[in-house]
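# Analysis of the macromolecular model
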Amino acid sequence: MSEPSATSRPAVAGTPEEPGSSAAPGKRPVVGVACDPEVRERYLAPDDLARLTAVADVRYADFTGLRSVAAQPPPDADSEAELANFVAGLDALVVCHGAPRVTERVLAAAPGLAMVGELEGDRFAGRVDVDAAERYGVLVVDTTHGSSYPVAEWALALMVLGMRDVGRWKRRTELTGKRVGLIGFGHIAWRLVELVRPFGVEVLVHDPYSPRELADALGVTFAPLDAVLAGTDVVVCLAPLTPRTRGLLDARELDLLAPGTVFVNVSRGAIVDSVALLARLRRGDVVACLDVHDPEPVPPDAEIRALPNVFLSPHVAGTTVESRTRFFGLMVEEIERLFRGTEPRALLTRRVVAIRDGLAQPGGAA
């Protein structure tokens, strides 16, 4: 079978007042939602569903055989066949935990499909075949960043806690007017920059993949990792865990932290060498506020629990009542943009996947 081009499928166009469909101009678009029914009950808020049904007809497919919340569902030929039957006639497909992988077989069964959206957990294209989607001219959207809002808030809280007093440490100072260093500059970091702006801080950023145009747009300064570690009062780790970032901060890097520095980690514990971090904290001249750990959970007898310059939280930064339904709310906004003939914002492309897999060259093409 020959591969379709990226422009082989007509665009979906329309407005909430005059919705349209690529399959049948003048008729309402059709959106399918495929996931575990319990996930659907928890994630799809009535108000967001009302917004979606205002612009499209909505169909549901319940998948109970793949209840794992893992972003990479195991191969399941029967579920894949069921999903392929479900997508016929759809203009957009939304998947989440429980749904099988959206493969080329599934995409081929939906000639009118314009977009596939994953609500949560597909940062690394575990559920959607991005390469196949690109060949079929289907946009892939990932609204996993719905949890970035509470993570940014918790990062700010940990920054303030560390500057004031983690409980048993004697140094108290303010965040206002300080220099903040960010390792990683994605959705969480962008939101955190907004939150810290009233404190009058200077923000240094290390992210070899981030477009440098964001410096002027968001009022930050890009810098090498060593400069961020050595030249700031608060360092916040926000990088995703990839083959390139695993163990990124080891003894050499942590030794660059100046006395009095507050180190915050709300990304992944394995980005920091745990043995090296413990050794650095034993010196007692820096503070660590950690929401993520390696290993998780922190063993009950772990030495780090007893250190007076450490504040620990049990990987709860992204868990709020609002964040659970925000994933779908953001996806509805993306679908509205699609049907208006504009571009979705949270596109999952081959370039994005290559960066997250650690395969892209910093600052260059994948």
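What comes next is a walk through the structure. (Residues numbered from 1 in each chain as written. Predicted model: local features only at pLDDT ≥ 70, side-chain atom pairs only at ≥ 80, totals over all residues. Heavy atoms only, no water.)

### Description of a negative patch on the surface
- A grouping of Asp250, Asp273, Asp294 and Glu296 is seen on the molecular surface, where their side chains present a negatively charged patch.
- Residue classification places Glu296 among the partly exposed positions, given a relative accessible area of 40%. (Patch = residues over 30% accessible without salt bridge, like charges linked within 9 Å, V, L, I, M, F, W, Y side chains within 5 Å. Areas by Shrake-Rupley, 256 points an atom, 1.4 Å probe, with all protein chains shown as cover. Salt bridge = Lys/Arg side-chain N within 4 Å of Asp/Glu carboxyl O. Lys, Arg positive; Asp, Glu negative; His and termini not counted. Charge placed at Lys NZ, Arg CZ, Asp CG, Glu CD. Buried < 20%, exposed > 50% of the residue type's maximum accessible area, 1.4 Å probe, protein only.)

### Considering the sheet that holds strand E7 (residues 202–206)
- Strand order across the open sheet formed by seven strands is E8-E7-E6-E9-E10-E11-E12, with parallel pairing between neighbours. At either end of the open sheet lies a strand with only one pairing partner, and these are strand E8 (221–222) and strand E12 (310–312).
- Contacting strand E6 (179–183), strand E9 (234–237), strand E10 (262–265), strand E11 (287–290) and E12, helix H6 (residues 148–164) crosses the sheet at an angle of about 155 degrees to E10.
- The sheet contacts of helix H7 (residues 187–196) involve E6, E7 and E9, and relative to E6 the element is tilted by about 170 degrees. (Pairing = 2+ DSSP bridges. Helix = DSSP H or I, 4+ residues; strand = E, 2+ residues; numbered from the N terminus. Contact = heavy atoms within 4.5 Å. Axes fitted to C-alpha atoms, helices over the stretch in contact; angles between N-to-C directions.)

### Examining unusual backbone geometry
- Cis geometry marks the peptide bond from Asp294 to Pro295; its omega dihedral reads 10 degrees.
- With an omega of -10 degrees, the peptide bond running from Glu296 to Pro297 counts as cis.
- Of note, Pro297 is situated in the loop between E11 and E12.
- Backbone geometry places His315, a non-glycine residue, at a positive phi of 55 degrees.
- Along the chain, His315 turns up in the loop between E12 and helix H12 (321–339).

### Some remarks on the packing of H6 against H7
- At their nearest, the axes of H6 and H7 sit 8 Å apart, and the two run at 50 degrees to each other. As the angle between them shows, H6 and H7 are arranged oblique. The element H6 and its partner H7 pack so that their crossing is right-handed. Every residue of H7 that contacts H6 at Ser148, Tyr149, Val151, Ala152, Glu153, Ala155, Leu156 and Met159 is listed here: His187, Ile188, Arg191, Leu192, Leu195 and Val196.
- Each residue belonging to the contact of H6 with H7 can be placed in one class, and the counts come to ten nonpolar, two polar and two charged. (Parallel < 35°, antiparallel > 145°, perpendicular 65-115°, else oblique. Left-handed = near helix turned anticlockwise from the far one by under 90°. Nonpolar A, V, L, I, M, F, W, Y, C, P; charged D, E, K, R; others polar.)

### Things to note about the packing of aromatic side chains
- Applying the stated criterion across every chain, the model contains two aromatic pairs.
- Between the aromatic rings of Tyr43 and Phe327, the centroid separation amounts to 5.9 Å while the plane-to-plane angle is 20 degrees, which identifies the pairing as stacked. Here the residue Tyr43 occupies a position in helix H1 (residues 37–43), and Phe327 occupies one in helix H12, the gap between them amounting to 284 residues.
- Judged by its relative accessible area of 1%, Tyr43 is buried.
- The buried category is assigned to Phe327, whose relative accessible area is 2%.
- Seen in terms of ring centroids, Phe185 and Phe222 are 5.8 Å apart; in terms of plane orientation they differ by 85 degrees. Their pairing is edge-to-face. Of this pair, Phe185 sits in the loop between E6 and H7 while Phe222 is found in strand E8, placing the two residues 37 residues apart along the sequence.
- On the basis of relative accessibility, which here comes to 3%, the residue Phe185 falls in the buried class.
- Of the residues examined, Phe222 reaches a relative accessible area of 17% and is grouped as buried.
- Across the ring face of Phe222, the terminal group of Arg212 is positioned such that the distance to the ring centre comes to 4.1 Å.
- Sitting over the face of the ring of Tyr149, Arg326 holds its NZ or CZ atom 4.4 Å from the ring centroid. (Phe/Tyr/Trp six-rings, centres within 6.5 Å; stacked < 30°, edge-to-face > 60°. Lys NZ or Arg CZ within 6 Å of the ring centre and 35° of its normal.)

### Thoughts on the nonpolar core
- In this structure, Met159, Leu182, Phe185, Leu192, Val236 and Val264 are the most contacted members of the largest nonpolar core, which totals 33 residues.
- Element by element, the count of residues in this core is highest for H6, at seven residues.
- Setting aside residues up to four positions removed in sequence, Val264 forms contacts with Ala155, Leu158, Met159, Val234, Val235, Val236, Cys237 and Cys289.
- Membership of the second largest hydrophobic core comes to 28 residues, among which are Phe86, Leu90, Val128 and Ala132. (Core = buried A, V, L, I, M, F, W, Y, C linked by side-chain atoms within 4.5 Å.)

### Quick word on the sheet that holds strand E1 (residues 30–35)
- Strands sit in the order E2-E1-E3-E4-E5 across an open sheet of five strands; the sheet is parallel. Strands at the two margins of the open sheet, each flanked by one partner only, are strand E2 (57–62) and strand E5 (139–142). Each neighbouring strand pair of the sheet contributes to a mean axis angle of 20 degrees, computed without reference to strand direction.
- Against the sheet, H12 makes contact with E1, strand E3 (92–95), strand E4 (115–118) and E5, and its axis sits at roughly 170 degrees relative to E4, the strand it touches most.

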